[in-house]
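Listed here are the chains, written in short residue letters.
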Amino acid sequence: MADAEPSLRELADDEDFLIGTCVRSSALRGDPEYQDALREHYNAVTCEGEMKMGALRPSRHAFDFEAADNVVAFAEENDMTVRGHTLVWHMSNPDWLTPWTHTGAQLRDILREHVHTVAGRYRGQVAAWDVVNEAVDDDGTMRESFWFRKLGASYLDRAFQWAHEVAPDADLYYNDYGADGLGEKSDAVYDLVEGMVDRGVPIDGVGLQMHALGERPDPDDVAANVERLRDLGLKVQVTEMDVAFSRDTPAEEARRKQTRYYGDLASAVREAGAEALVVWGADDGHSWVRNWRDLPDRFRGDPLLLDENYEPKPAYDAVRDALR
Ligand code: G3I
């Protein structure tokens, strides 16, 4: 990278755009180089796991905010925007929660208390919440999650209402994967959020996760999806992008395609009016693709914008060029 080039963060700051990454508080604590990379290249952060219910709720009546607070404090010290992730999800729930045979009313109380406590604690600090994450299944039906089975689809509206009650200034997002371009699932997400808008639910935006693992939705389709969501009056952010190629793909080809896809996607969503592009890891060394179940066997572990030595990759330059 030539010295005269601005960093991605500098450019994004100038363009009033969010370029973000998820953050691990364990890395933040122990690694000054990781901190430097965050400060230099990103102006927004999301907790990768620290704000999930399982992390915050060691027991029914106790909250542990230490790790999440650590990330929020770092962001504030460094003038970064915080995305809150996530208030309601079917994964990473506390061990004490799911086996218990609650009545619907008891579970509703637990969820309301959770949303009120967490969104309320970070009022004024978390700019955007992923209120509900991944409520739609891959075929476009509602996911038969723990929450859905016990509370029915009404848990979504309620979660947004509860979040709005305690954090009225935060933007409230529905966030999902595999609904980035056009297709069955993104149609279902569109219908879901359109219904919420029609019912007056306080939803502000939709997060397109953009995990491009093997499959890469056409950037024009993603732009069209962004535009139709914006036509509903909603904001759109890319919230968890990474671009991984199968281990069979030669390294040079993977690198070339990755660079091109990051650039094309960043251009397309920016042009269509998305407000943020958040990648799911500050650097390749901190990518979930390297340690999530069977992914390391299937994909190359280099899906991000910085390499594992925190050096910008060609994909980084491509995103920067796209934001200009
Ligand atoms: O912290 C424990 C550690 O104590 C233990 O030794 C270790 C053994 O497996 O597990 C550690 O917890 C892991 C945690 O990440 C922190 O590293 C969990 O097992 C693991 O399930 C968890 O994975 C996270 C996953 O969400 C589930 O919460 C990934 O890091 C995170 O990248 C991933 O992120 C999700 C988004 O939230 C939603 N969209 C998809 C995205 C990728 O799956």
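Cut-offs applied
Residues numbered from 1 in each chain as written. Predicted model: local features only at pLDDT ≥ 70, side-chain atom pairs only at ≥ 80, totals over all residues. Heavy atoms only, no water. Near = heavy atom within 4 Å. Polar contact = N/O pair within 3.5 Å; in protein donor to acceptor, adjacent residues only side chain to side chain. Areas by Shrake-Rupley, 256 points an atom, 1.4 Å probe, with all protein chains shown as cover. Nonpolar A, V, L, I, M, F, W, Y, C, P; charged D, E, K, R; others polar. Phe/Tyr/Trp six-rings, centres within 6.5 Å; stacked < 30°, edge-to-face > 60°. Buried < 20%, exposed > 50% of the residue type's maximum accessible area, 1.4 Å probe, protein only. Lys NZ or Arg CZ within 6 Å of the ring centre and 35° of its normal. Axes fitted to C-alpha atoms, helices over the stretch in contact; angles between N-to-C directions. Helix = DSSP H or I, 4+ residues; strand = E, 2+ residues; numbered from the N terminus. Parallel < 35°, antiparallel > 145°, perpendicular 65-115°, else oblique. Left-handed = near helix turned anticlockwise from the far one by under 90°. Contact = heavy atoms within 4.5 Å. Salt bridge = Lys/Arg side-chain N within 4 Å of Asp/Glu carboxyl O.

**Q** Help me understand the site of the ligand in this model?
**A** What surrounds the ligand is a group of 13 residues, the closest being Glu48, Lys52, His85, Ser92 and Glu240. With respect to the ligand, the side chain of Lys52 contributes an N or O atom lying 2.7 Å from an oxygen atom. One of the side-chain N or O atoms of Glu134 is found 2.9 Å from a nitrogen atom in the ligand. Notes on the ligand: free accessible area 790 Å², of which the protein chains cover 49%. For the shell around the ligand, a count of residues per class yields four nonpolar, five polar and four charged.

**Q** Just checking my understanding: could you explain the packing of aromatic side chains for this structure?
**A** Centre distance and the angle of the planes are the two values used to describe a pair of aromatic rings. By the definition in use, this model includes five aromatic pairs. Centroid distance Phe63 to Phe65: 5.5 Å. Interplanar angle 5 degrees. Geometry classified as stacked. Judged by centre distance (5.9 Å) and plane angle (55 degrees), the ring pair of Trp288 and Trp292 falls under tilted. Trp288 sits in the buried class, given a relative accessible area of 17%. Each residue in the set Phe63, Phe65 and Tyr122 is aromatic and connected to the rest through ring pairs, giving one cluster. Sitting over the ring of Tyr173, Arg83 keeps its end group 5.2 Å from the ring centre. Seen from the ring of Tyr177, Lys185 lies directly overhead, with NZ or CZ sitting 3.7 Å from the centre.

**Q** Sorry if this is basic, but what is going on with the packing of helix 1 (residues 8–15) against helix 13 (residues 314–323) here?
**A** Think of two packed helices as two axes; the pair is described by the angle between the axes and how far apart they sit. Two numbers describe how helix 1 lies on helix 13: the axes approach to 10 Å, and their chain directions differ by 20 degrees. Taken together, the axes of helix 1 and helix 13 are roughly parallel relative to one another. Remark: the crossing between helix 1 and helix 13 carries left-handed chirality. Across the interface between the two elements, Leu8, Leu11, Ala12 and Glu15 from helix 1 touch Tyr316, Val319, Arg320 and Leu323 from helix 13.

**Q** Explain the pattern of salt bridges to me, please; I cannot follow it from the model alone.
**A** Side chains that differ in sign of charge can pair as their charged atoms come close. Per the stated rule, a full pass over the model turns up 24 salt bridges. As a salt-bridge pair, Lys185 and Asp176 come within 2.9 Å of each other at their nearest N and O atoms. By the burial criterion, Lys185 is buried, and Asp176 matches it. Arg260 is the salt-bridge partner of Asp264, the closest N and O atoms lying 3.6 Å from each other.

**Q** Would you mind showing me how to read unusual backbone geometry here?
**A** Residues apart from glycine generally show negative phi values, whereas peptide bonds are mostly found in trans. Going from His85 to Thr86, the amide bond is cis rather than trans, its omega being 0 degrees. Of note, Ser92 is a non-glycine position whose phi angle comes to about 55 degrees, a positive value. Here Ser92 lies in the loop between strand 3 (81–88) and helix 6 (104–121). According to the relative accessible area criterion, Ser92 is partly exposed, its value standing at 38%. A positive phi angle is found at Glu134, which is not glycine, with a value near 60 degrees. Within the secondary structure, Glu134 is located in the loop between strand 4 (126–133) and helix 7 (146–151). A relative accessible area of 8% places Glu134 in the buried class.

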